[in-house]
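# A closer look at the structure
What follows is the residue order along each chain.
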Amino acid sequence: MSNTLPGLNELEIPATAKLNINLSTNQLADIAVAKGEAKRTKTGALACFTGEHTGRSPKDKFTVKDATTEKTVDWGTVNQPMSEEHFNRLRQDQLKYLADKELYVSDAYAGADKDHRLGVRVINERAWHNIFCRHLFLRPQASELGTIDPDFTIIHTPWFKANPAVHGTNSETFIAVNFTQGLILIGGTQYAGEQKKSIFSVLNYLYPLKGIFSMHCSANVSKTDKNDVALFFGLSGTGKTTLSADPNRRLIGDDEHGWSEKGVFNFEGGCYAKCINLTEEREPEIFRAIRDNAILENVVLDAAGVPNYDDKSLTENTRAAYPINYINDAVLEGTGTHPKHIVFLTCDAFGVMPPISKLTPDQAMYHFLSGYTAKVAGTEKGMGNTPQTTFSTCFGAPFLPLKPTAYAELLGKKIKEHNAQCWLVNTGWTGGGVGVGSRMKLNYTRRMVQAALCGELDNVSFVTDEIFGLQIPTTVPDVPREVLTPKNTWKNTADYERMAKELAQKFRKNFERFSSYAPNLVAAGPKA
């Protein structure tokens, strides 16, 4: 196919590069296998390996600082500035690298609300990366192919490496976003997730400026009531994908959504699920979705092509990417009404947060701005032997170009306008922290969430947690009473109180940066 796509010639890709434009997923898969980029698994999925980079490289992510972004982006360690000069030099050198390369070009959309969707073009050096983007972004109709003039283009070249002295980067790896040019340059990493997260960051910049609340959350809806939409906010490892893929509800999307004047809408057309220790019994929807041309990242296979989901020898961050229609009865249009329930998920490795609690609007704002979870020792290199608290503002700090308060204000406005009930759910430890207690049983967490969403907790009594000030239900059907109140699960209540007060103090210390913005919210936090 010739270079007839709108906007493609303006990129100035060398004429000697071979462009494969808008190939089908099957065509791309055949190429990936033939070239040794991927291995077929027993179920027809493609096992791919990302080498050194098995996760995102946040220290290598940059935004071009120019007239468009200078006064709007929240500059700092998350949003690192890159000069226009360095970006343009990086672009020129990356384009030179593309000479004589075989490239894969696909057009797609981001944002299921057609009034607000973004045209996205991806140009990849590897066929499997192009399949990944076809799965994760919204796939155009056949009639639309060849007509999309993209708002943003991603050029991903894993084997082109930056020169920090020349390009102003921190290493040979780079993820550089230019809002004025509508261009994202990625290199020095094979990790496919950088592509989807770069577009998420773009939407997190553009949408709030239009009054649309952009969210790092999954969403589902009741099978019997289209107005019963629920959102699940949470950082990696808290259960966002697992809990939203509920066989009793329909999945709208598993990771990134917008909330407009019409309701919620998925940013994506697929799912990117963690699959370490995956079993069909625990997570049937995800397990069964890993089939025809789904992408498996860094999952070890046996000689017969069967994935070993328990093997974390390459990384604990093993992933599966697949189109959302691989989930049974998913909402393929990717839209829903205004949410009735909002669930904040935390994995508390200290074992002191309630497994479920009801939040007031002020408490919801407090916990949204806090974005608390805990990383468990051993899951990341160099973490040491104890859990580490993580406060990721708005449950997505690495992807937020604007000030956190911009997103918090939109949340508060939406909760007030639509009377959404908010909940805090701890999917972490009970009966003590890591090494003492045990992980909350998934079937208990599922049952607690189901009870909240279907109204079973509307008429039960609640007690107030004396340290965190949270409202804890005294009963949840099919869940032991003692599980609901963390203090009752510890053998030594003095140890519980000491640990709870330590965590409460960390909450308060973290929230000091927001005290001048919203002094009324300080009182919604822990009392210790």
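Residues numbered from 1 in each chain as written. Predicted model: local features only at pLDDT ≥ 70, side-chain atom pairs only at ≥ 80, totals over all residues. Heavy atoms only, no water.

## Details of the overall build of the protein
A tally of regular secondary structure across the protein gives 14 helices and 29 strands. Against the compact-globule benchmark of 24 Å for 528 residues, the protein has a radius of gyration of 23 Å, which places it among compact chains. Dimensions of the protein, computed from the C-alpha atoms along their principal axes, are close to 70 × 55 × 45 Å. The burial tally for the protein puts 60% of its 528 residues in the buried class. (Helix = DSSP H or I, 4+ residues; strand = E, 2+ residues; numbered from the N terminus. Rg over C-alpha atoms; globule rule 2.2 N^0.38 Å. Buried < 20%, exposed > 50% of the residue type's maximum accessible area, 1.4 Å probe, protein only.)

## Some remarks on unusual backbone geometry
A positive phi is found at Asp-329, a non-glycine position, where the angle reads about 65°. The topology assignment puts Asp-329 in the loop between strand 19 (319-323) and strand 20 (335-336). Judged by its relative accessible area of 34%, Asp-329 is partly exposed. Non-glycine residue Asp-478 carries a positive phi angle of around 70°. Topologically, Asp-478 is positioned in the loop between strand 29 (471-473) and helix 11 (481-484).

## Focus on the pairing of strand 9 (residues 174-178)
Burial analysis of strand 9 places 5 of its 5 residues in the buried class, which makes it a mostly covered element. Here strand 9 shows no split at all, with Phe-174, Ala-176 and Asn-178 on one side and Ile-175 and Val-177 on the other all buried. Remark: 4 residues form the turn of the hairpin made by strand 9 and strand 10 (residues 183-187), two consecutive strands paired antiparallel; Gly-182 in that turn has positive phi of roughly 65°. (Pairing = 2+ DSSP bridges.)

## Some points on the nonpolar core
Counting 104 residues, the largest nonpolar core has Phe-233, Ile-342, Phe-344, Phe-368 and Phe-468 as the members making the most contacts within it. Of all the elements, helix 13 (residues 493-511) adds the most residues to this core, at 7 residues. Those residues within four positions of Phe-233 in sequence are excluded, and the remaining contacts are Phe-213, Met-215, His-216, Cys-217, Lys-240, Ile-342, Val-343, Phe-344, Leu-345, Phe-368 and Phe-395. Counting residues in each nonpolar core, the second largest holds 25 residues, with Val-64, Tyr-97, Ile-123 and Ala-176 among its members. (Core = buried A, V, L, I, M, F, W, Y, C linked by side-chain atoms within 4.5 Å. Contact = heavy atoms within 4.5 Å.)

## Details of the layout of surface pockets
Regions of empty space are outlined by a rolling probe, equal in size to a water molecule, passed over the atoms. A volume near 430 Å³ is recorded for the second largest pocket. Taken together, 20 residues form the lining of the second largest pocket, with Leu-138, Arg-139, Gln-141, Leu-332 and Glu-333 sitting closest to its centre. For the lining of the second largest pocket, the residue count by class is 8 nonpolar, 6 polar and 6 charged. (1 Å grid on protein atoms, 1.4 Å probe; cavity = no way out; pocket = protein on both sides within 12 Å on 5 of 7 lines; lining within 4 Å. Points joined across faces, edges and corners; volume = space filled by probe spheres on them. Nonpolar A, V, L, I, M, F, W, Y, C, P; charged D, E, K, R; others polar.)

## Structural notes on the environment of Trp-423
Examined against the element boundaries, Trp-423 turns out to sit in strand 25 (residues 421-426). Each C-alpha atom of the pair Trp-423 and Pro-519 lies 22 Å from the other, and the pair is 96 residues apart in sequence. Within the structure, Trp-423 has its side chain in polar contact with the side chain of His-341 (distance 3.1 Å). (Polar contact = N/O pair within 3.5 Å; in protein donor to acceptor, adjacent residues only side chain to side chain.)

## So, the packing of aromatic side chains
On inspection of all chains with the given rule, the structure shows 28 aromatic pairs. Note on Phe-213 and Phe-233: the rings are 6.4 Å apart at their centroids and 25° apart in plane angle, and the pair reads as stacked. Taken together, the residues Phe-213 in strand 11 (residues 213-215) and Phe-233 in strand 13 (residues 229-233) connect sequence positions 20 residues apart. For Phe-213, a relative accessible area of 0% corresponds to the buried category. Here Phe-233 falls in the buried class, since its relative accessible area comes to 0%. Between the aromatic rings of Tyr-372 and Phe-507, the centroid separation amounts to 5.1 Å while the plane-to-plane angle is 55°, which identifies the pairing as tilted. Of this pair, Tyr-372 sits in strand 23 (residues 372-375) while Phe-507 is found in helix 13, placing the two residues 135 residues apart along the sequence. In this structure Tyr-372 comes out as buried when scored by relative accessible area, which is 3%. With relative accessibility at 0%, the residue Phe-507 sits in the buried group. Counting every residue linked through ring pairs, the aromatic cluster contains Tyr-366, Tyr-372, Phe-391, Phe-468, Phe-507, Phe-511 and Phe-514. (Phe/Tyr/Trp six-rings, centres within 6.5 Å; stacked < 30°, edge-to-face > 60°.)

## Quick look at the packing of helix 3 (residues 127-136) against helix 5 (residues 193-206)
The geometry of a pair of packed helices is captured by two quantities: the angle between their axes and the separation between those axes. Running from amino to carboxyl end, helix 3 crosses helix 5 at an angle of 40°, the nearest separation of the two axes being 9 Å. The angle between helix 3 and helix 5 places the two elements in the oblique class. Taken as a pair, helix 3 and helix 5 cross one another with a handedness that is right-handed. Across the interface between the two elements, His-129, Phe-132, Cys-133 and Leu-136 from helix 3 touch Gly-193, Gln-195 and Lys-196 from helix 5. Grouping the constituent residues of the contact of helix 3 with helix 5 by class yields 3 nonpolar, 3 polar and 1 charged. (Axes fitted to C-alpha atoms, helices over the stretch in contact; angles between N-to-C directions. Parallel < 35°, antiparallel > 145°, perpendicular 65-115°, else oblique. Left-handed = near helix turned anticlockwise from the far one by under 90°.)

## Some details on the sheet that holds strand 11
Sheets are built from strands paired through backbone hydrogen bonds, the pairs being either parallel or antiparallel. If you trace the 4 strands from one edge of the open sheet to the other, you get 11-15-16-20, paired in antiparallel fashion. Looking along the sheet, the strands with just one partner apiece sit at the ends: strand 11 and strand 20. In terms of strand pairing, strand 11 meets strand 15 (residues 257-259) through 3 bridges, oriented antiparallel. By the bridge assignment, Phe-213 is partnered in strand 15 with Trp-259. Packing of helix 9 (residues 404-418) onto the sheet brings it into contact with strand 11 and strand 15, and relative to strand 11 it is tilted by some 105°.

## Section: helix 10 (residues 442-453)
Across its 12 residues, helix 10 extends 16 Å between first and last C-alpha, which sits within 8% of the 16 Å expected from 1.5 Å per residue. One or two steps after helix 10, the chain reaches Gly-455, where phi turns positive at roughly 90°. (Expected span 1.5 Å × (residues − 1).)

In short, geometric facts, not functional conclusions.
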